[in-house]
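Here's the letter readout for the chains.
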Amino acid sequence: MGEVMERALARLREIHQRNLMGGGQAEIDRQHSRGKLTARERIEELVDPGSFRELGSCVNTTSVRVDGKAVDAPCDGAIVGTAHVGGRPVMVHASDFTVLAGSVGTQTVFKFCRSLEMAASWGIPMVNLLDSSGGRLGYRDVPMAGIDWQFRLQSLYSGVIPQITVLMGPCIAGGAYLPVLCDFLIMSRVSGYLWLGGPRQTAAATSEQIDESIGGADYHMELTGTCDLVGGDDKEAIALCRKLLGYLPSNFRESPPRKETEDSPEREVPELLDIVPEDYNEPYDVRQVVRVLADGGEFLEIKDRYASQLVTCFCRMDGEVVGIVACNPAAGASLLEINVCDKYYRFLQVLDAYGIPLVNLVDTPPIVPGEGEEAKGLLRHVGKVLDLYSTARVPKITVVLREAYGDAGSLLMGCVKTMGTDLVFAWPIARFAVEASTLDYTRLPQIKGMEEDAHELYLKRSRERVDVFDVARSWSAQMVDEIIDPRATRAKIVEALRITRGKMERLPPRAKSHGVSPT
């Protein structure tokens, strides 16, 4: 080796060694004191051991403050590279909070955008390990011209490759759009905060004092529905990311990874007879049903504490990934309302984008209108689910456990074959109706504009309970393909998934790739 090469390699080693220290030992210690891992420690938690290969390691923007003082910025506070998770390739982007508080400079934006473009080109998922104070204010290097590029790329590649953000620090103002433009957001309860305007910004703009808990992981899980999964700390949040990646394909052209299982596809599930009461008014937790049906009892629930009347989760059946949407009578009698519609719509978007079959487990009364829900736009929220369900091209299997009432059970949950459901199974105790109310409508005033004969027919029809055997008697009703023994539920779903695996559904030709659904 010649002298020139030796000097060059020594310089490269020096850069890499300096990069390992980020913003210096004092900043690393401060990061640990806050209960947070450093960016490189987070990467090591996420990826298979020894698989990370850094890109852009020599980037080092010497940021100049407005007072003229130069500040060193190893990697410009952003570490990017390829790695493997569960043996499959991924692209990783990690904010380094020890370097200028993880603030966003021009090179930071460019590294993110270029890595996202490469990930989309190669068909591999993009994982963002986010911990950033936002734009690099107070410096001459202000990246406003780059953030718009970042948002556009995220939108262009949405549904092309999985995009996941693990938020383990603050995320404020314009930067807060990055997590919400991803397919999934995972937050650390210890350190993840997401605001459009944080406490200081809000106080400066409006004089309103807001608590720091507003914008935390539990806030966005329980109230806003922005967060999909919550980890107790950095390690738990990253472990959830690894688990989630195991249910997703690398890109929209591929199938989700199959996992070999010893759980027989023909396994009977007699436990369901005890879990689901015969008394229609007695609640139960549908998660117990999902656990019995899934391979090995394993599933990953999404938005588990948001709109909990509906359970949305990934699991495997006979080794294949399935998305389950299940009514949960244990929470709010499984009533469907606006937040439930949002949760359902978002999950179904992901399933349709990545070719993951949908299984609906139905036990629900109708949507209950009221002034509050109507004023918030209940009709258009229901409408957007109807639009997406009708046009989703993945296999769609429905099992009616007990009740399917009105627009909620029959339409939204896929009990009407002409909505595009592939197969509808029903338990022998299932029943259908326009609504669940037991009120005596004859005591209510006639609806203005409804003719007398129509009024009488409405009163009679709305109170009918249609037995599943009556429904199944005629296929022209387009409700039930087969009444099944509850103990055969798993075997029937597995067989249905096998049969519909090669499903080919063509939508009407359009000048654009999508219609205009209610929002």
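See above for the structure.
So, here's what we can say about the structure. (Residues numbered from 1 in each chain as written. Predicted model: local features only at pLDDT ≥ 70, side-chain atom pairs only at ≥ 80, totals over all residues. Heavy atoms only, no water.)

1. Details of the overall build of the protein chain
Reasoning step 1: Across its full length, the protein chain carries 18 helices and 20 strands.
Reasoning step 2: A burial count over the protein chain gives 52% of its 519 residues as buried.
Reasoning step 3: Considering only intrachain contacts with a sequence separation of at least 6, the fraction spanning at least 24 residues in the protein chain is 74%.
Reasoning step 4: Approximately 24,000 Å² of the protein chain is accessible, and the part contributed by carbon and sulfur atoms is 54%. (Helix = DSSP H or I, 4+ residues; strand = E, 2+ residues; numbered from the N terminus. Buried < 20%, exposed > 50% of the residue type's maximum accessible area, 1.4 Å probe, protein only. Contact = heavy atoms within 4.5 Å. Areas by Shrake-Rupley, 256 points an atom, 1.4 Å probe, with all protein chains shown as cover.)

2. Describing the side chain of Arg-42
Reasoning step 1: Relative to the elements of secondary structure, Arg-42 occurs in helix H3 (residues 39-46).
Reasoning step 2: Since its relative accessible area comes to 0%, Arg-42 is described here as buried.
Reasoning step 3: A distance of 3.0 Å separates polar atoms of two side chains, one belonging to Arg-42 and the other to Asp-234.
Reasoning step 4: In this structure Arg-42 touches Gln-31, Lys-36, Leu-37, Ser-95, Leu-129, Asp-131, Met-168, Asp-234 and Ile-238, once residues within four positions along its chain are discounted. (Polar contact = N/O pair within 3.5 Å; in protein donor to acceptor, adjacent residues only side chain to side chain.)

3. What about the packing of aromatic side chains?
Reasoning step 1: Taken as a whole and judged by the stated rule, the model has 6 aromatic pairs.
Reasoning step 2: When the ring of Phe-151 is compared with that of Tyr-177, the centres are 5.8 Å apart and the planes differ by 85°; the resulting orientation is edge-to-face. In this pair, Phe-151 is assigned in helix H5 (residues 144-156) and Tyr-177 in helix H6 (residues 177-180), connecting sequence segments 26 residues apart.
Reasoning step 3: Residue classification places Phe-151 among the buried residues on the basis of a relative accessible area of 17%. (Phe/Tyr/Trp six-rings, centres within 6.5 Å; stacked < 30°, edge-to-face > 60°.)

4. Topic: the nonpolar core
Reasoning step 1: One finds Leu-244, Phe-314 and Tyr-344 to be the most contacted residues of the largest nonpolar core, which totals 72 residues.
Reasoning step 2: For this core, the element with the most residues is helix H12 (residues 338-353), which contributes 9 residues.
Reasoning step 3: Residues Val-290, Val-292, Leu-361 and Val-399 belong to the second largest nonpolar core, which totals 31 residues. (Core = buried A, V, L, I, M, F, W, Y, C linked by side-chain atoms within 4.5 Å.)

5. Remarks on the pairing of strand S12 (residues 299-302)
Reasoning step 1: The alternating pattern of S12 places Phe-299 and Glu-301 and Leu-300 and Ile-302 on opposite faces, both of which are buried.
Reasoning step 2: Sheet topology places S12 next to strand S13 (residues 310-317); 4 bridges connect them, and they run antiparallel. Bridging across to S13, Glu-301 finds its partner in Cys-313. (Pairing = 2+ DSSP bridges.)

6. Observations regarding empty space enclosed by the protein
Reasoning step 1: In this structure the tally under the stated criterion is 2 cavities of 30 Å³ or more.
Reasoning step 2: What the largest cavity holds in volume is close to 50 Å³.
Reasoning step 3: Per-element tally for the lining of the largest cavity: the top contributor is H12, with 4 residues.
Reasoning step 4: Its residues assigned to classes, the lining of the largest cavity shows 4 nonpolar, 1 polar and 5 charged.
Reasoning step 5: Its volume calculated, the second largest cavity comes out at about 40 Å³.
Reasoning step 6: The wall of the second largest cavity is formed by Met-317, Asp-318, Glu-320, Val-494, Leu-497, Arg-498 and Arg-501.
Reasoning step 7: Among the elements that take part in the lining of the second largest cavity, helix H18 (residues 489-499) stands out by supplying 3 residues, more than any other.
Reasoning step 8: For the lining of the second largest cavity, the per-class residue count stands at 3 nonpolar, no polar and 4 charged. (1 Å grid on protein atoms, 1.4 Å probe; cavity = no way out; pocket = protein on both sides within 12 Å on 5 of 7 lines; lining within 4 Å. Points joined across faces, edges and corners; volume = space filled by probe spheres on them. Nonpolar A, V, L, I, M, F, W, Y, C, P; charged D, E, K, R; others polar.)

7. Here we look at the sheet that holds strand S11 (residues 229-231)
Reasoning step 1: Taking strand neighbours across the sheet as the criterion, the 7 strands line up as S1-S4-S5-S6-S7-S9-S11 in an open arrangement whose pairing is mixed. Whereas interior strands pair on both sides, the edge strands pair on one side only; in this sheet they are strand S1 (53-55) and S11. The sheet shows a mean angle of 25° between the axes of neighbouring strands, direction not considered.
Reasoning step 2: Across 3 bridges, strand S9 (residues 184-188) lies against S11 in parallel orientation. By the bridge assignment for S11, Ser-188 is matched with Gly-231.
Reasoning step 3: Here helix H8 (residues 217-224) sits on the sheet and contacts S9 and S11; the angle it forms with S11, its principal contact strand, is near 155°. (Axes fitted to C-alpha atoms, helices over the stretch in contact; angles between N-to-C directions.)

8. Some words on a nonpolar patch on the surface
Reasoning step 1: Together, Tyr-177, Val-180 and Leu-196 make up a nonpolar patch on the protein surface, roughly 290 Å² of accessible area in all.
Reasoning step 2: One can find Leu-196 in the loop between strand S10 (193-195) and helix H7 (199-206).
Reasoning step 3: Given a relative accessible area of 56%, Leu-196 falls into the exposed group. (Patch = residues over 30% accessible without salt bridge, like charges linked within 9 Å, V, L, I, M, F, W, Y side chains within 5 Å. Salt bridge = Lys/Arg side-chain N within 4 Å of Asp/Glu carboxyl O.)

9. Points about the packing of H3 against helix H9 (residues 234-245)
Reasoning step 1: Viewed as axis vectors pointing N to C, H3 and H9 meet at an angle of 40°, and their least axial separation amounts to 9 Å. Classed by the angle they form, the pair H3 and H9 counts as oblique. The crossing of H3 and H9 is right-handed. In this structure, H3 uses Arg-42, Glu-45 and Leu-46 to contact H9, whose residues at the interface are Asp-234, Lys-235, Ile-238, Cys-241 and Arg-242. (Parallel < 35°, antiparallel > 145°, perpendicular 65-115°, else oblique. Left-handed = near helix turned anticlockwise from the far one by under 90°.)

10. As for the pairing of strand S7 (residues 163-167)
Reasoning step 1: For S7, the buried fraction is high: 5 of the 5 residues fall into the buried class.
Reasoning step 2: Burial along S7 is two-sided: the face carrying Gln-163, Thr-165 and Leu-167 and the face carrying Ile-164 and Val-166 are both buried.
Reasoning step 3: Pairing geometry for strand S6 (residues 126-130) and S7, over 5 bridges, is parallel. Bridge assignment links Leu-129 to a residue of S7, and that residue is Val-166.

11. Focus: the pattern of salt bridges
Reasoning step 1: One pass over the structure, following the stated rule, counts 28 salt bridges.
Reasoning step 2: Arg-242 serves as the salt-bridge partner of Asp-48, at 3.4 Å between the closest nitrogen and oxygen. Taken as a pair, Asp-48 in the loop between H3 and S1 and Arg-242 in helix H9 lie far apart in primary sequence, 194 residues in all.
Reasoning step 3: Glu-403 is the partner of Arg-431 in a salt bridge, and the nearest nitrogen-oxygen pair spans 3.1 Å. Here Glu-403 lies in strand S16 (residues 396-405) and Arg-431 lies in strand S18 (residues 431-433), a separation of 28 residues in the sequence.
Reasoning step 4: Each of Lys-36, Arg-42, Asp-131 and Asp-234 takes part in salt bridges that share partners, so that together they form one network.

12. Remarks on the packing of H12 against helix H14 (residues 378-391)
Reasoning step 1: The geometry of H12 relative to H14 is characterised by a closest axis approach of 9 Å and an angle of 20° between their N-to-C directions. The orientation of H12 with respect to H14, classified from their angle, is roughly parallel. Where H12 crosses over H14, the two elements pack in a sense that is left-handed. Here H12 contributes Ile-338, Cys-341, Asp-342, Tyr-344, Tyr-345, Leu-348, Gln-349 and Asp-352 to the contact with H14, which in turn contributes Leu-378, His-381, Val-382, Lys-384, Val-385, Leu-388, Tyr-389 and Thr-391.
Reasoning step 2: When grouped by side-chain class, the residues that make up the contact of H12 with H14 number 10 nonpolar, 3 polar and 3 charged.

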